[in-house]
Amino acid sequence: MVTTLLSAPIANAELIIHSEPNTVRQDTNNIANQQIAKQAPSDVSIIKLMQVMHIDEQIQAIVNGQQAAIDAINTQTKNQAQSNSQRGGDKNLNKRQRELQEQIQSVLGQYAKIMTNGIGNAADAQTLTQAYISAARTYYTQAEVDAQIKFYDTKMGQSILAKQPQITAAFLQQSLPDDTSETEAQLSELLPQMKRIIKGVF
């Protein structure tokens, strides 16, 4: 009886002694896992994510589109200036009409300059890339970036990415009204009025 009573506390002590390191180890692992879960992603991993998701290609397309827009505005402004210059030589224009023409040409020139400067200053590829890295680092964890890379770097992931533009286009098509005849009719009613205004000026 005495032996049994004495052995119980010893057994409990051994249980406590042997179990404490496991508890500490488990708590340490939990803390480490929490730190890993909150760890901000590295720039290298974000760049890899951009490549896998073709975000780098989208950025280059944006930059190319900006340059195309600048070229289009410059071409349109140049053509308009040439057209106005030819009209300026028209002897049928009175002094007031020539002044209005010069004012319009000046406004168009300022508009083109503002637009091209605004587009040109918007961003280059490096700036957009850094902006994406900064945003991803703010909102993603390293584990989330790794998970996305792991998925989108597969055949299934690439297939899903390839279908996104089609899904977006189909969604937008469904969200727009099928019948635009009323809008077209209203615009067609405005055209004669606009022509009369232009004819009155020139």
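Residues numbered from 1 in each chain as written. Predicted model: local features only at pLDDT ≥ 70, side-chain atom pairs only at ≥ 80, totals over all residues. Heavy atoms only, no water.

Enquirer: When you look at the overall build of the protein in this model, what are you seeing that I'm missing?
Expert: A tally of helices and strands in the protein yields 8 helices and 0 strands. Listed N to C, the secondary structure of the protein is α-α-α-α-α-α-α-α in terms of helices and strands. Looking at the protein as a whole, 16% of its 202 residues are labelled buried. When the accessible surface of the protein is summed, it comes to about 15600 Å², and 58% of that surface belongs to carbon and sulfur atoms. (Helix = DSSP H or I, 4+ residues; strand = E, 2+ residues; numbered from the N terminus. Buried < 20%, exposed > 50% of the residue type's maximum accessible area, 1.4 Å probe, protein only. Areas by Shrake-Rupley, 256 points an atom, 1.4 Å probe, with all protein chains shown as cover.)

Enquirer: Got a minute to help me understand the pattern of salt bridges in this structure?
Expert: Once the charged atoms of two side chains with opposite charge are near each other, the side chains can pair. Across all of its chains, the model carries 1 salt bridge by this definition. Salt-bridge contacts for Asp43 lead to Arg137; the nearest nitrogen and oxygen are separated by 2.6 Å. Taken together, the residues Asp43 in helix 2 (residues 43-52) and Arg137 in helix 5 (residues 125-139) connect sequence positions 94 residues apart. Overall, the relative accessible area of 35% leaves Arg137 in the partly exposed class. (Salt bridge = Lys/Arg side-chain N within 4 Å of Asp/Glu carboxyl O.)

Enquirer: Mind showing me how you'd approach the packing of aromatic side chains here?
Expert: By convention here, two paired aromatic rings are described through the distance between centres and the angle between planes. Here the structure, examined in full by the defined rule, presents 1 aromatic pair. Relative to Tyr152, the ring of Phe151 has its centre 5.0 Å away and its plane inclined at 70°; by these criteria the two rings are edge-to-face. Accessibility expressed as a relative area gives 36% for Phe151, which makes it partly exposed. According to the relative accessible area criterion, Tyr152 is buried, its value standing at 18%. (Phe/Tyr/Trp six-rings, centres within 6.5 Å; stacked < 30°, edge-to-face > 60°.)

Enquirer: What am I meant to see in a nonpolar patch on the surface here?
Expert: On the surface, a cluster of nonpolar side chains totalling about 270 Å² of accessible area is made up of Phe151, Met156 and Ile160. Summarising the element assignment, Met156 is placed in helix 7 (residues 155-175). The exposure class assigned to Met156 is exposed, which follows from its relative accessible area of 55%. (Patch = residues over 30% accessible without salt bridge, like charges linked within 9 Å, V, L, I, M, F, W, Y side chains within 5 Å.)

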